[in-house]
Amino acid sequence: MAIVIGYGIAFIGVLVAYQLSVGKPKNKKYKVSGIALMVPISPALSFAIGLTYAVIVESGWAALIMWYIFPFIFIIGLVMLLVGIFKKEETEIV
């Protein structure tokens with residue numbers, strides 16, 4: 001049951017981030033996606049993946065893989081957020 005909740009929270013985070021970024025400029029999309037990836041998605045997804053792997057391997061210690069997955073996904077979200085903050089918006093020359 002906890003595995004399903006983890007995947008559900010990650011899926012809801014993706015849906016909310018998508019809804020907030022529809023029709024926005026690229027900078028805003030990067031910011032929203034980065035924050036969404038860092039806050040709700042990365043902890044829930046790493047938790048769910050860790051528990052899924054532990055069930056498959058049949059070892060409780062295998063669930064500690066979530067300690068390696070979480071920082072990886074979090075850093076990807078941080079990079080996306082920083083790109084959204086520091087990337088200059090392109091203007092069209094007419």
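To be clear, the structure that these remarks concern was listed above.
Quick look at the structure, then. Throughout, a residue's number is its position along its own chain's written sequence, starting from 1. Only residues with pLDDT of 70 or above have their local features reported here, since the model is predicted, and side-chain atom pairs are shown and tallied only from 80 upward, although totals for entire chains, interfaces and linings are computed over all residues. Hydrogens are left out, water is left out, and the side-chain values use all remaining heavy atoms of the structure.

## Overview of the overall build of the protein
Okay, step 1: The numbering of helices and of strands both runs from the N terminus, where a helix is a DSSP run of H or I of at least 4 residues and a strand a run of E of at least 2. Looking only at helices and strands, the protein features three helices and zero strands.
Okay, step 2: What you see in the protein, going N to C, is helices and strands ordered as α-α-α.
Okay, step 3: The C-alpha atoms of the protein give 16 Å as radius of gyration, which overshoots the globular expectation for 94 residues (12 Å, by more than 25%).
Okay, step 4: Looking at the 94 residues of the protein, the share that counts as buried comes to 28%.
Okay, step 5: Residue burial considers only the protein chains on display, and all accessible areas are found by Shrake-Rupley using a 1.4 Å probe. Summing over all exposed atoms, the protein offers an accessible surface of approximately 6900 Å²; the carbon and sulfur share of this is 74%.
Okay, step 6: Note that His is not counted, nor are the chain ends; the positive residues are Lys and Arg, and the negative ones are Asp and Glu. Lys charges are placed at NZ, Arg charges at CZ, Asp charges at CG and Glu charges at CD. Averaging the coordinates of the 7 positive side-chain charges in the protein and doing the same for the 4 negative ones gives two points 8 Å apart. Atoms counted for the radius of gyration: C-alpha only. Globule rule: 2.2 Å times residue count to the power 0.38. Note on classification: 1.4 Å probe, protein chains only; a residue is buried when its accessible area is under 20% of the maximum for its type, exposed when over 50%, partly exposed between these limits.

## Here's the deal with the nonpolar core
A general trend in soluble globular proteins is that nonpolar side chains are found buried together.
Okay, step 1: Judged by nonpolar contacts, Ala 10, Ala 17, Val 32, Ala 36, Leu 37, Ile 41, Ala 44, Ile 69 and Ile 73 together constitute the single largest core of nine residues.
Okay, step 2: Of all the secondary structure elements, the ones that give two or more residues to this core are α1 (2-21), α2 (26-57) and α3 (66-86).
Okay, step 3: Among the elements that line this core, the one with the most residues is α2, at five residues.
Okay, step 4: The contact partners of Ile 69, leaving out residues within four places of it in the chain, are Ser 46 and Ile 49. By nonpolar core is meant a set of buried Ala, Val, Leu, Ile, Met, Phe, Trp, Tyr and Cys residues that side-chain atoms within 4.5 Å join together. The contact rule is simple, with two residues in contact once any of their heavy atoms fall within 4.5 Å.

## A word on a nonpolar patch on the surface
Okay, step 1: Patches were defined on residues exceeding 30% relative accessible area and lacking a salt bridge, with like-charge contacts within 9 Å and nonpolar side-chain contacts (Val, Leu, Ile, Met, Phe, Trp, Tyr) within 5 Å. Just to be clear on terms, a salt bridge is a Lys or Arg side-chain nitrogen sitting within 4 Å of an Asp or Glu carboxyl oxygen. A cluster of nonpolar residues, Phe 70, Phe 74, Ile 75, Leu 78, Val 79, Leu 82, Val 83, Ile 85 and Phe 86, forms a patch on the protein surface that exposes about 780 Å² of accessible area.
Okay, step 2: Relative to the helices and strands, Val 83 resides in helix α3.
Okay, step 3: Classification of Val 83 by relative accessible area gives partly exposed; the value is 33%.

## Overview of α3
Okay, step 1: For α3, spanning 21 residues, the distance from its first C-alpha to its last is 30 Å, which sits close to the expected 30 Å at 1.5 Å a residue.
Okay, step 2: Inspection of α3 places Met 66, Ile 69, Ile 73, Gly 77, Leu 81 and Gly 84 among the buried residues, and these make up the whole buried set. Taken down its axis, α3 places every buried residue within 100 degrees of arc, on the same side. Opposite the buried face of α3, by more than 90 degrees, sit the exposed residues Trp 67, Tyr 68, Phe 72 and Phe 86.
Okay, step 3: Looking at the buried residues of α3, the elements they touch are α2. Helices are assigned an expected span. That span is 1.5 Å times one less than the residue count. To obtain the arc, one takes the directions from the helix axis to the C-beta atoms.

Everything listed here is a matter of coordinates, which is why it stays silent on function.
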